[in-house]
Every structure is written in structure tokens, then in C-alpha cells.
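Residue-level structural notes
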Amino acid sequence: MKRIKKRGRSFEQFEDNIDYFRLLHSRYDEWVFNHCHYSEILVIDADKYDIVNESDKQIVLKIIGIKLRI
């Protein structure tokens, strides 16, 4: 919710309806883990890394590179 508020997209600002975001998040997880069988899934903890921060962005890019073996 902090990241959504920080982005400031007017169409995402539903602070009074957190249940909507909980439902959206649970459905996304369900879809990814039950329907994406054609490729590997890389999960990055967005609470741990702030990709606006350059050092965090480099860490995330390194994680992706390792997963892609580049």
C-alpha cells in the first residue's frame, strides 16, 4: 500500500478499500502459481528492495541476471 500511495496514480488510490487490494493480490498469486507452467517464476521481495534506490536496483538486476544465467 505504501508503494501504491507513493506512485500516486489516481486510479490506484483506494485507501478506504484495502479489501480490494488483498483480493487482487491473492488472485494474482493464485494465477501465477497455478497457471504459469511454461517458464520459471522469479519472486523478488518488493518490501526488501526499492528499485528507485540505485543500489537496490543493481541488486535486483543481479538477481535477475543470475536467474537468466547472463
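Keep in mind that what you see is a predicted model, and the values were worked out from it rather than measured. (Residues numbered from 1 in each chain as written. Predicted model: local features only at pLDDT ≥ 70, side-chain atom pairs only at ≥ 80, totals over all residues. Heavy atoms only, no water.)

Some words on the environment of Ile59
The topology assignment puts Ile59 in helix α3 (residues 54-68). In sequence terms Ile59 and Phe21 are 38 residues apart; their C-alpha atoms lie 27 Å from each other. (Helix = DSSP H or I, 4+ residues; strand = E, 2+ residues; numbered from the N terminus.)

What to know about the packing of aromatic side chains
By the definition in use, this model includes one aromatic pair. Relative to Phe21, the ring of Tyr20 has its centre 5.2 Å away and its plane inclined at 75 degrees; by these criteria the two rings are edge-to-face. (Phe/Tyr/Trp six-rings, centres within 6.5 Å; stacked < 30°, edge-to-face > 60°.)

Topic: a nonpolar patch on the surface
The grouping of Leu42, Leu61, Ile64 and Leu68 at the surface amounts to a nonpolar patch, some 340 Å² of accessible area in total. Mapping Leu61 onto the fold places it in helix α3. A relative accessible area of 47% means that Leu61 is categorised as partly exposed. (Patch = residues over 30% accessible without salt bridge, like charges linked within 9 Å, V, L, I, M, F, W, Y side chains within 5 Å. Areas by Shrake-Rupley, 256 points an atom, 1.4 Å probe, with all protein chains shown as cover. Salt bridge = Lys/Arg side-chain N within 4 Å of Asp/Glu carboxyl O. Buried < 20%, exposed > 50% of the residue type's maximum accessible area, 1.4 Å probe, protein only.)

Brief notes about the pattern of salt bridges
Taken as a whole and judged by the stated rule, the model has three salt bridges. Ionic pairing is found between Glu40 and Lys67, a salt bridge with its closest N-O pair at 2.9 Å. Taken together, the residues Glu40 in the loop between α2 (18-35) and α3 and Lys67 in helix α3 connect sequence positions 27 residues apart.

Notes on α3
In this model, α3 (15 residues) spans 21 Å end to end at C-alpha, consistent with the 21 Å of a helix rising 1.5 Å per residue. One or two steps after α3, the chain reaches Arg69, where phi turns positive at roughly 60 degrees. (Expected span 1.5 Å × (residues − 1).)

Looking at the confidence of the model for the protein chain
Model confidence for the protein chain is summarised by a mean pLDDT of 84, while 97% of its residues fall at 70 or above. Mean pLDDT across the secondary structure elements of the protein chain bottoms out at helix α1 (residues 2-7), with 77, and peaks at α3, with 94. (pLDDT = per-residue confidence, 0-100.)

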